[in-house]
Amino acid sequence: MMLDPDLASVQEVRNCLQEAAQAQKQLEALSQAEIDSIVRAMCDAGLREAERLAALAVEETGFGNAADKKVKNEFAARDVYNAMKDVKTVGIIGKDEANKVWEVAQPVGIVAGIVPSTNPTSTILFKSLIAVKARNAIVFSPHPSAANCSHEAAMVMRHAAEQAGAPAGLIHCITKPTLAATNELMRHKLTDLILATGGTQMVKAAYSSGKPAYGVGPGNVPVYVHASADLKQAVRRIIQSKTFDYGTICASEQALVVDQSIKRQLVRELTEQGAYVLDEQEKARVAAVIMVNGGLNPQLVGRSPHKIAEMAGIVIPSSTRVLIAEEVHVGKTHPFSIEKLSPILALYTVADWREGCQRCMELLELGGLGHTLGLHCEDDMVIEAFALEKPASRIVVNAGTTFGGIGATTGILPSMTLGCGSFGNNITSDNIGPKHLLNIKRVAFGIRDMPEQSASQPQATQATGTASGISREEVMAIIKSVLAEWKA
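The rules behind the values
Residues numbered from 1 in each chain as written. Predicted model: local features only at pLDDT ≥ 70, side-chain atom pairs only at ≥ 80, totals over all residues. Heavy atoms only, no water. Helix = DSSP H or I, 4+ residues; strand = E, 2+ residues; numbered from the N terminus. Rg over C-alpha atoms; globule rule 2.2 N^0.38 Å. Buried < 20%, exposed > 50% of the residue type's maximum accessible area, 1.4 Å probe, protein only. Contact = heavy atoms within 4.5 Å. Areas by Shrake-Rupley, 256 points an atom, 1.4 Å probe, with all protein chains shown as cover. Lys, Arg positive; Asp, Glu negative; His and termini not counted. Charge placed at Lys NZ, Arg CZ, Asp CG, Glu CD. Expected span 1.5 Å × (residues − 1). Bend = angle between axes of the 7 residues up to and from the residue. Core = buried A, V, L, I, M, F, W, Y, C linked by side-chain atoms within 4.5 Å. Phe/Tyr/Trp six-rings, centres within 6.5 Å; stacked < 30°, edge-to-face > 60°. Patch = residues over 30% accessible without salt bridge, like charges linked within 9 Å, V, L, I, M, F, W, Y side chains within 5 Å. Salt bridge = Lys/Arg side-chain N within 4 Å of Asp/Glu carboxyl O. Axes fitted to C-alpha atoms, helices over the stretch in contact; angles between N-to-C directions. Parallel < 35°, antiparallel > 145°, perpendicular 65-115°, else oblique. Left-handed = near helix turned anticlockwise from the far one by under 90°. Nonpolar A, V, L, I, M, F, W, Y, C, P; charged D, E, K, R; others polar. Pairing = 2+ DSSP bridges. Arc of directions from axis to C-beta. Right-handed = clockwise from strand over helix to strand, strands pointing away.

**Q** Help me understand the overall build of the chain, please; the structure alone is not making it clear to me.
**A** From N to C terminus, the chain includes 16 helices and 17 strands. For the chain, whose C-alpha radius of gyration is 30 Å, the value lies well above the compact-globule estimate of 23 Å for 488 residues. Counting only C-alpha atoms, the chain reaches 115 × 65 × 50 Å along its principal axes. Burial status across the chain gives 53% buried among its 488 residues. Of all intrachain contacts in the chain linking residues separated by at least 6 positions in sequence, the fraction that spans at least 24 positions is 72%. Here the chain has roughly 22,100 Å² of accessible surface; of this, 52% comes from carbon and sulfur atoms. Each charge sign in the chain was given a centre, from 47 positive and 51 negative side chains, and these centres are 3 Å apart.

Written out as structure tokens, the structure is:
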């Protein structure tokens, strides 16, 4: 008998969770050395298969380009592994000798991994590595438009883990993802934690599931270019970052905010390095294809500038790497000011850093609160002002925000899941890593005694006395005397 697709997918989720639960209990018994050996094997497999998985992702989704997706897969395997390879995740992971507190790691159990269509294979590699490093099982729910490449990436991780000694059934990926299946995965009693990367509605669903959840918000990243910036370097970094995989990473630049005093030099440098500045007619044509029904046009996401130009009915030079439109307004009725996830940038002009601060705030409030902000600046006072005031969890200075935000070119934790903190209605502002998938218990030894009551403190009165020292008999005599006088 043929099952309804929703029912079949829900049953698949339940079967996956049952197998994952058994495997996780076995994984939990392994030593740190055994876990690290498994994770190393998974990293190696991810690197070997990076190119093939990249090609599968582009073929299936149409987003981005294979060369950059290969680099993204390599980052998700190699850089993430290198950042956590020496991290303790088994047994006693820390001792505070001064305060006599031990920290003991315990896995959360089964992680539900929600995977976006923009970064399907790299997200699978990343989440598999950090889950297993923390001795968890993981069950993935991929985006329907990236189901096949996501499943293939998960099987690469699963087979590598099992060949290295992991129990069978530790890593799963739903083969026919449906909304019903994703909801079942997030709400099922065997699911212990949700690691959600995807659209706003999916992240909201994760937070409303009743389970602990790490979700991420959108990244409408503004980048302020101060008069002190090295413009040639700044533009090189911006264009490399913005054009990487055609803008599909949520930390990529969305708008440039530049001081009036250097605007002409900046525009000249941008055009010399492959940017094409739209005129007013071209701007209107591109604006018309950015949004559909009040939201970002999915046909625009991760497309080349030439494909976007074709969609808009304009002609651009063959050397064009990114499209730029000058803008003066911020809001949903001004398409260039939203998160575009494609090689399109808005360009705003401001009088100075104070006005630049305000413009960046408006862009963050439109759709990027808590995510990422970029600065190209050599003035520490201005950098500090932005750092203290802006509601962004990653403030990337003199680096492309795509690479700086994920920790590829900065010293923050390499990650493909970037928390936005309370600014973006997220539980954390961290780059997510294996320690977020652990329960950390504290063994606390007594180091002091509570002070005992001193002899000088008032003692409780005896049952026959009062706080003033007068006996019960004396009180009764006084009362009888008063009553006798009252009667007389």
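From this point, things continue past the structure.
**Q** Which parts of the structure should I look at to understand helix α4 (residues 66-84)?
**A** Each turn of an α-helix holds 3.6 residues, which means side chains three or four residues apart point in the same direction. With 19 residues, α4 extends 27 Å from end C-alpha to end C-alpha; this agrees with the ideal 27 Å at 1.5 Å per step. Along α4, the sharpest kink reaches roughly 30°, centred on F75. At its buried positions, α4 is contacted by α2 (32-48), α3 (50-61), α5 (120-133) and α9 (231-243).

**Q** What's the story with the nonpolar core in this structure? I'm lost.
**A** Inside soluble globular proteins, nonpolar side chains tend to come together where they are buried. The biggest cluster of nonpolar side chains holds 72 residues, and the ones touching the most others in it are M42, I171 and L437. Ranked by size, the runner-up nonpolar core spans 38 residues in total, among them L323, L375, A385 and A392.

**Q** Which parts of the structure should I look at to understand the packing of aromatic side chains?
**A** How two aromatic rings sit relative to each other is given by the distance of their centres and the angle of their planes. Going through the model one piece at a time under the given rule, you end up with three aromatic pairs. Relative to F403, the ring of F244 lies with its centre 5.1 Å away and its plane at 70°, an arrangement referred to as edge-to-face. Within this pair, whereas F244 is found in the loop between α9 and β9 (253-259), its partner F403 is found in helix α15 (residues 401-405), the two being separated by 159 residues in sequence. For the pair shown, F244 and F403 are each scored as buried.

**Q** So what exactly am I meant to see when it comes to a nonpolar patch on the surface here?
**A** Taken together, the side chains of M476, I479 and L483 define a hydrophobic patch exposed on the protein surface, amounting to about 260 Å² of accessible area. Residue position: M476 is located in helix α16 (residues 472-487). What makes M476 partly exposed here is its relative accessible area of 43%.

**Q** Is there a simple way to explain the packing of α2 against α4 in this structure?
**A** Two quantities define a packed helix pair, namely the angle between the axes and the distance from one axis to the other. Look at α2 against α4: their axes get within 8 Å of each other, and the N-to-C directions meet at 155°. Compared by their axis directions, α2 and α4 come out roughly antiparallel. In this structure, α2 crosses over α4, and the sense of that crossing is left-handed. Here V39, R40, C43, G46 and L47 of α2 come into contact with α4, specifically with E74, A77, R78, Y81 and M84. A breakdown of the residues in the contact of α2 with α4 according to their chemical character gives six nonpolar, one polar and three charged.

**Q** I tried to follow the environment of A288 on my own but got confused; where do I start?
**A** Locating A288 in the fold gives a position in helix α11 (residues 280-290). Counting along the chain gives 23 residues from A288 to M311, while the straight-line C-alpha distance between them is 9.7 Å.

**Q** Help me understand the sheet that holds strand β6 (residues 193-196), please; the structure alone is not making it clear to me.
**A** Strand-to-strand pairing in sheets goes through backbone hydrogen bonds, with the strands running parallel or antiparallel. The strand order across the open sheet built from five strands is β5-β4-β3-β6-β7, with neighbouring strands paired in parallel fashion. Each edge of the open sheet carries a strand with a single partner, namely β5 (171-173) and β7 (213-215). Looking at each pair of strands side by side, their axes are set apart by 15° on average, direction ignored. Of the pairings in the sheet, the one linking β6 to β7 comprises three bridges and is parallel in character. Across the sheet, the residue bridging to L195 is Y214, located in β7. Against the sheet, helix α8 (residues 200-207) engages β3 (110-114), β6 and β7, with an angle of about 165° to β7.

**Q** Please explain the side chain of N65 as it appears in this structure.
**A** By the secondary structure assignment, N65 is in the loop between α3 and α4. Among the residues examined, N65 registers a relative accessible area of 16% and is labelled buried. If we ignore the near neighbours within four places in the chain, the residues touching N65 are V58, D245 and Y246.

**Q** I tried to follow α3 on my own but got confused; where do I start?
**A** Across its 12 residues, α3 extends 16 Å between first and last C-alpha, which sits within 8% of the 16 Å expected from 1.5 Å per residue. If you check which residues of α3 are buried, you get A50, L53, A54, A57 and T61. Each buried residue of α3 sits inside an arc of 105° when the element is viewed along its axis, so together they form one side. Residues of α3 that are exposed and point over 90 degrees away from its buried face: E51 and E59. On its buried face, α3 sits against α2, α4, α5 and α6 (147-163). Just downstream of α3 lies G62, where phi reads positive at about 80°.

**Q** Sorry, what's going on with the environment of E365 here?
**A** Along the chain, E365 falls in helix α13 (residues 353-367). Of the residues examined, E365 reaches a relative accessible area of 52% and is grouped as exposed. Along the primary structure E365 and S319 are separated by 46 residues, whereas in three dimensions their C-alpha atoms are 34 Å apart.

**Q** Just checking my understanding: could you explain the pairing of strand β15 (residues 370-376) for this structure?
**A** Regular strands place their side chains on alternate faces of the sheet. For β15, a buried count of seven out of seven residues is recorded, marking the element as mostly surrounded by other parts of the structure. Summarising the sheet, strand β8 (residues 221-225) and β15 pair through three bridges and their orientation is parallel. Residue pairing across strands places V223 opposite G374, the latter belonging to β15. Inspection of the sheet shows β15 paired to strand β16 (residues 392-397) by five bridges, in the parallel sense. Pairing of G370 across the sheet is with A392, part of β16. Crossover handedness for the path β15 to helix α14 (residues 380-389) to β16: right-handed.

**Q** Could you clarify how one ought to interpret the pairing of β8 in this entry?
**A** Burial of β8 is extensive: five of the five residues sit out of reach of the surface. In β8, alternate side chains face the same way, and those of V221, V223 and V225 on one face and P222 and Y224 on the other are all buried. As paired elements, β8 and β9 share five bridges and run parallel to each other. Its bridge partner being in β9, V221 is matched across the sheet by E253. For the segment spanning β8, α9 and β9, crossover handedness is right-handed.

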